Amino acid sequence: MNSKELINYMKSTFGEPMVEVVDLKKYFPVKGVFRTIGYVRAVDGVSFIVPKGKTLGLVGESGCGKTTTGRLILRLIEPTSGHVYFDGKDIFKLKGKKLLEFRRKAQMVFQDPYMSLDPRMTVFDIIMEPIRAHKIKVEDPQKFVVNLLYEVGLNETHLYRYPHEFSGGQRQRIAVARVLALEPEFIVLDEPTSALDVSVQAQILNMLKDLQAKRGLTYLFISHDLGVVRYMSDYIAVMYLGKIVEMGPAEEVFEKPLHPYTKMLFASMPVPDPFEAKKKPKVEVIGEPPSPINPPPGCRFHPRCQYAMDICRKKEPPLVMAEKGHFVACWLYAKK
Ligand code: SF4
């Protein structure tokens, strides 16, 4: 299935896209003493859609390319090749006012709320900063900021305090309020709860879900925490060494993972109930991901795969639809 067929099929089954990613690649040069000695293939030809009003979870081990994909989709970095369409428009061709409009509509919440807020600014100024940068007129700024604070579970008593006076969860609420100030339609959530205590994580995730329902937001949820991704996502894409290896409706992928890598990833997920844990199928976890500078030929997962065949070492598996709306890139499911 080529990327055009894949996108068309996803549109017809997942719904109208807010974001459409086509053959996106990002290679980072590796500098030697005198010249470029290679490239890190961080993102190597990924295609998918994020349907309007839904959440697509992007999962994989660290270094698989999920954060780079998120940054490319927001045009925080330029691609090596490929396209990202936002509401039908190619974001890498946007300039001037249209680019500014895109920057307002598409926002990011970062992993670390300790790093993303300026410690010298009050909450009021932090939230008003993007409004001023975009030269948006607000009649009553104080009322505007207080309303946003209520929306994220804070209140007017927090208005003129500084970031160091808040807990990690409260700081992430402030970061979300700042993003909401611009009334975005699409938000990339990059590991938004991984720096927080487990007890606080659920509160932030529930808040993000409520905001999505209330404002009709579309999310790309990036995480290595499978439990969190399952809770948040309508659809899931699993990345391995810059490629999407499996994609489909979240419950379907979690209940019936097809790709050996997805199975391995899910097998390493902790299960709190020891009786349930015993029932889990045992999947051997072999080695660590190889270097993205010189990825293995054929299927990139073959050095770690217990089902690897001859063809896996020579030819890259195409992404095929194994079941309705459930895609996998593995020779166990493709015609050889
Ligand atoms: Fe394993 Fe081959 Fe499938 Fe790759 S293509 S995951 S090596 S069986």
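Let me sum up the structure you'll find in this document. The shown structure was predicted, so the numbers you read here are calculated from the model rather than taken from an experiment.

## Details of the pairing of strand E8 (residues 218-223)
1) Next: E8 sits mainly inside the fold: six of its six residues count as buried.
2) Next: Sheet topology note: the strand E3 (residues 55-59)/E8 ladder contains five bridges and is parallel. Within the sheet, the bridge partner assigned to Leu56 lies in E8 and is Leu220.
3) Next: Each parallel crossover has a hand, and the one from strand E7 (residues 186-190) via helix H8 (residues 198-215) to E8 is right-handed.

## As for unusual backbone geometry
Excluding glycine, a negative phi dihedral is what most residues carry, and trans is how most peptide bonds are arranged.
1) Next: With a phi angle near 50°, Asp23 is a residue other than glycine that sits in the positive phi range.
2) Next: Relative to the elements of secondary structure, Asp23 occurs in strand E1 (residues 17-31).
3) Next: The exposure class assigned to Asp23 is partly exposed, which follows from its relative accessible area of 37%.
4) Next: If you check the backbone angles, Glu191 has positive phi at about 45° while not being a glycine.

## Overview of the pattern of salt bridges
1) Next: Tallied over the entire structure, the rule returns 19 salt bridges.
2) Next: Between Glu316 and Lys243 there is a salt bridge; the shortest N-O distance is 2.9 Å. Taken together, the residues span a long stretch of sequence, with Glu316 in the loop between helix H13 (310-314) and strand E11 (319-323) and Lys243 in strand E10 (residues 243-249) at a distance of 73 residues.
3) Next: In this structure Glu316 comes out as partly exposed when scored by relative accessible area, which is 43%.
4) Next: Since its relative accessible area comes to 17%, Lys243 is described here as buried.
5) Next: With a shortest N-O distance of 3.5 Å, Asp310 and Arg313 are connected by a salt bridge. A residue pair is termed a helical-turn pair when its members lie 3 or 4 positions apart in one helix, as Asp310 and Arg313 do in helix H13 at three residues.
6) Next: Look at Asp310 and you get exposed, because its relative accessible area is 55%.
7) Next: Taken together, the shared-partner salt bridges connect Glu16, Lys52 and Asp87 into one network.

## Some remarks on the packing of aromatic side chains
1) Next: This structure, assessed with the given rule, holds nine aromatic pairs.
2) Next: Their ring planes at 0° and their centres at 4.6 Å tell us that Phe254 and Phe266 sit as a pair that is stacked. Highlighted residues: Phe254 in helix H10 (residues 250-255) and Phe266 in helix H11 (residues 260-267), separated in sequence by twelve residues.
3) Next: Judged by relative accessible area, which is 9%, Phe266 ranks as buried.
4) Next: For the pair Tyr261 and Phe301, a centre-to-centre distance of 5.3 Å together with 65° between the ring planes defines the contact as edge-to-face. Residue Tyr261 is located in helix H11, and its partner Phe301 is located in the loop between helix H12 (274-279) and H13; the two are separated by 40 residues in the primary sequence. The same class applies to Tyr261 as to Phe301, namely buried.
5) Next: Through a chain of ring-to-ring contacts, three or more aromatic side chains come together here, namely Phe86, Phe102 and Phe186.
6) Next: Over the face of the ring belonging to Tyr27 we find Arg41, whose NZ or CZ atom lies 5.7 Å from the ring centre.
7) Next: Above the ring of Tyr231, the side-chain terminus of Lys209 is found at 4.4 Å from the ring centroid.

## Concerning the pairing of strand E12 (residues 326-329)
1) Next: Here E12 shows a buried face lined by His326 and Val328 and a second buried face lined by Phe327 and Ala329.
2) Next: Where E10 and E12 come together, two bridges link them in antiparallel fashion. Across the sheet, residue Met247 finds its bridge partner in E12, namely Phe327.
3) Next: Here E11 pairs with E12 via four bridges, running antiparallel. In the sheet register, Leu319 faces E12, and the bridge partner there is Ala329.
4) Next: Connecting E11 to the next strand, E12, in antiparallel fashion are two residues, including Gly325 with a positive phi near 75°.

## Comments concerning the site of the ligand
1) Next: Around the ligand lies a shell formed by His259, Pro260, Cys299, Phe301, His302, Cys305, Tyr307, Ala308, Cys312, Cys330, Trp331 and Leu332.
2) Next: Here the shell around the ligand is built from residues that sort into ten nonpolar, two polar and no charged.

## Some words on the sheet that holds strand E6 (residues 106-109)
1) Next: Reading across from one edge, E6-E7-E8-E3-E9-E10-E12-E11 is the order of the eight strands in this open sheet, with mixed pairing throughout. Two strands lie at the open edges of the sheet, namely E6 and E11, each paired on one side alone. In this sheet, neighbouring strand axes are inclined to one another by 20° on average, regardless of whether the strands run parallel or antiparallel.
2) Next: With respect to the sheet, H11 is in contact with strand E9 (235-240) and E10, its orientation differing from that of E9 by roughly 100°.

## Side note on the side chain of His158
1) Next: As for its placement among the helices and strands, His158 is situated in the loop between helix H6 (141-151) and helix H7 (168-180).
2) Next: When its relative accessible area of 9% is taken as the criterion, His158 is described as buried.

## Quick word on the sheet that holds strand E4 (residues 81-86)
1) Next: With antiparallel pairing, four strands are arranged side by side in an open sheet as E2-E1-E4-E5. The open sheet terminates on both sides in strands that have one partner only, identified here as strand E2 (36-51) and strand E5 (89-90).
2) Next: Across five bridges, the pairing between E1 and E4 is antiparallel. Directly across from Lys25, in E4, lies its bridge partner Ser81.
3) Next: Against the sheet, helix H1 (residues 3-14) contacts E1 and E2, and its axis sits at roughly 35° relative to E2.

Reading the values: the criteria
Residues numbered from 1 in each chain as written. Predicted model: local features only at pLDDT ≥ 70, side-chain atom pairs only at ≥ 80, totals over all residues. Heavy atoms only, no water. Buried < 20%, exposed > 50% of the residue type's maximum accessible area, 1.4 Å probe, protein only. Helix = DSSP H or I, 4+ residues; strand = E, 2+ residues; numbered from the N terminus. Pairing = 2+ DSSP bridges. Right-handed = clockwise from strand over helix to strand, strands pointing away. Salt bridge = Lys/Arg side-chain N within 4 Å of Asp/Glu carboxyl O. Phe/Tyr/Trp six-rings, centres within 6.5 Å; stacked < 30°, edge-to-face > 60°. Lys NZ or Arg CZ within 6 Å of the ring centre and 35° of its normal. Near = heavy atom within 4 Å. Nonpolar A, V, L, I, M, F, W, Y, C, P; charged D, E, K, R; others polar. Axes fitted to C-alpha atoms, helices over the stretch in contact; angles between N-to-C directions. Contact = heavy atoms within 4.5 Å.

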